[in-house]
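Chains, contacts and geometry: an overview
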Amino acid sequence: MDRLRKIAALILIVIGVACGATAATDYLEKKSAEDQFQEIREKTAITAQEAVKTQGKGYQAPQGLLALMKANSSVIGWLKIEDTNIDYPIVQNKEDNEWFLHRDINGNESQPGSIFLEANHDIHDKGIHVVYGHHMRNGTMFKDIYRYRDTEYFENHKEITIWTDECRISLEPVYCYAGKEDRSYRKIYNPGEELEKFLLEKTGLRIPSDNIFVFVTCSYGRRDDRCYLICREGGGNGTD
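Since we're looking at a predicted model, the values are computed, not measured.

A word on the nonpolar core. Residues Leu79, Ile162, Tyr185, Val214, Phe215 and Ile230 are the most contacted members of the largest nonpolar core, which totals 56 residues. Not counting chain neighbours up to four residues away, the residues in contact with valine 214 comprise Ile128, His129, Val130, Val131, Tyr185, Tyr228, Leu229 and Ile230.

A word on the pairing of strand E4 (residues 127-132). The two faces of a sheet get side chains in turn, since along a regular strand they alternate between them. For E4, the buried fraction is high: six of the six residues fall into the buried class. Here strand E3 (residues 115-117) runs beside E4; their pairing, made up of two bridges, is antiparallel. Along E4, the bridge assignment pairs leucine 117 with valine 131. Sheet topology note: the E4/strand E7 (residues 211-218) ladder contains six bridges and is parallel. Across the sheet, residue glycine 127 finds its bridge partner in E7, namely asparagine 211.

Taken together, the side chains of Asp122, Asp125, Asp165 and Glu166 define an acidic patch exposed on the protein surface. Following the sequence through the fold, glutamate 166 ends up in the loop between strand E5 (160-163) and strand E6 (168-180). With relative accessibility at 53%, the residue glutamate 166 sits in the exposed group.

In this section: the packing of aromatic side chains. All told, the structure shown has 10 aromatic pairs when counted by the stated rule. For the ring pair phenylalanine 37 and tyrosine 88, a centre distance of 5.0 Å and an interplane angle of 85 degrees mean the geometry is edge-to-face. Of this pair, phenylalanine 37 sits in helix H1 (residues 2-44) while tyrosine 88 sits in strand E2 (residues 87-91), and the two are 51 residues apart along the sequence. A centroid spacing of 4.1 Å and a plane angle of 20 degrees characterise the contact between tyrosine 189 and phenylalanine 198, whose relative ring orientation is stacked.

Below, the discussion takes up the sheet that holds strand E1 (residues 75-81). In a beta sheet, neighbouring strands pair by backbone hydrogen bonds and run either parallel or antiparallel. Taken together, eight strands build a closed barrel; the order of strands is E1-E2-E3-E4-E7-E8-E6-E5 and the barrel is mixed. Each adjacent strand pair in this sheet contributes to an overall mean axis angle of 30 degrees, direction not counted. Bridge count between E5 and E6: four bridges; the pairing is antiparallel. Bridge pairing in E6 places tryptophan 163 opposite arginine 168. Packed on one face of the sheet, helix H3 (residues 63-71) meets E1, E2 and E5 and runs near 140 degrees to E1.

Let us now look at the side chain of glutamate 118. Examined against the element boundaries, glutamate 118 turns out to sit in the loop between E3 and E4. Each residue touching glutamate 118, except ones within four places of it in the same chain, is listed here: Gln92, Asn97, Val130, Tyr132 and Arg186.

One turn of the α-helix equals 3.6 residues, which is why residues spaced by three or four share an orientation. Those residues of helix H6 (residues 193-203) that sit buried are Leu195, Phe198, Leu199 and Thr203. The buried residues of H6 occupy an angular sector of 110 degrees when projected down its axis, which confines them to one face. Residues of H6 that are exposed and point more than 90 degrees away from the buried face comprise Glu193, Lys197 and Glu201. Looking at the packing, one finds that the buried side of H6 touches E4, E6, E7 and strand E8 (225-233). Taken from the residues just after H6, glycine 204 is the one with a positive phi, measuring 80 degrees.

Let us now look at the confidence of the model for the protein. Per-residue confidence for the protein gives a mean pLDDT of 85; residues scoring 70 or more make up 78%. When the elements of the protein are averaged for pLDDT, helix H2 (residues 48-51) gives the smallest value, 49, and E3 the largest, 98. Confidence drops under a pLDDT of 50 for residues 17-28, and excluding neighbours within four residues, the segment shows one contact in the predicted structure.

Within H3, the full set of buried residues consists of Gly64, Leu65, Leu68 and Met69. Along H3, the residues classed as buried sweep out an arc of 135 degrees about the axis, all on the same side. What points out from H3, more than 90 degrees from its buried face, is the exposed set Gln63, Lys70 and Ala71.

Structurally, tyrosine 146 can be placed in helix H4 (residues 143-146). Taking the C-alpha atoms as reference, tyrosine 146 lies 7.6 Å from histidine 135; in sequence the two are 11 residues apart. For tyrosine 146, the contacting residues outside a window of four places in its chain are His135, Thr217, Cys218, Ser219 and Cys227.

About the cut-offs
Residues numbered from 1 in each chain as written. Predicted model: local features only at pLDDT ≥ 70, side-chain atom pairs only at ≥ 80, totals over all residues. Heavy atoms only, no water. Core = buried A, V, L, I, M, F, W, Y, C linked by side-chain atoms within 4.5 Å. Buried < 20%, exposed > 50% of the residue type's maximum accessible area, 1.4 Å probe, protein only. Contact = heavy atoms within 4.5 Å. Helix = DSSP H or I, 4+ residues; strand = E, 2+ residues; numbered from the N terminus. Pairing = 2+ DSSP bridges. Patch = residues over 30% accessible without salt bridge, like charges linked within 9 Å, V, L, I, M, F, W, Y side chains within 5 Å. Areas by Shrake-Rupley, 256 points an atom, 1.4 Å probe, with all protein chains shown as cover. Salt bridge = Lys/Arg side-chain N within 4 Å of Asp/Glu carboxyl O. Lys, Arg positive; Asp, Glu negative; His and termini not counted. Charge placed at Lys NZ, Arg CZ, Asp CG, Glu CD. Phe/Tyr/Trp six-rings, centres within 6.5 Å; stacked < 30°, edge-to-face > 60°. Axes fitted to C-alpha atoms, helices over the stretch in contact; angles between N-to-C directions. Arc of directions from axis to C-beta. pLDDT = per-residue confidence, 0-100.

Okay, structure coming up:
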């Protein structure tokens, strides 16, 4: 019996060490990915003040963003939500919608992946735009999107901005919910009545906007649940 107890204890120790090593590796991988994004932020240095410079010539894209886009053709814009951890480049692969699910913006394997736009949506077209990001338990990527389910958090985090090489898009959240993975968001809806009808079916609200962004992340509720944060350009709430 003593021999069996020793063997069992040894097995438990081995399992404990293996689990600890896996957890440490996982932590280091996530930290490395976020450190990489922080380096990109520092190089890009996008600020609201820089993005709205006009000098009588209209919108001028932040120079840091333009340099990043020139160096990496997958980058199509930058997303920042004030007072949250969401401050990331947006990428897109028009041939493979899941390419950036577990890849960094350079296409290298990365567990947290990148923030990416639906493959068949054009960020500059009017209509609907679905942007995906992982719900990371360490608070990075799109975890803060999930927090919009809380009414107080929703009301206190309404300043959302996307910069591209052509425009600055100011967004305001109008509805957030969790539900099963819904591929109907991936379709292209004509701005106006068609888009408004689609959003009414999803939210019960009439959202008067021809430009909608939907931020999607995992919900960790039931299997395959997603959290959907629906935002409209120009601010203002939907109506019943």
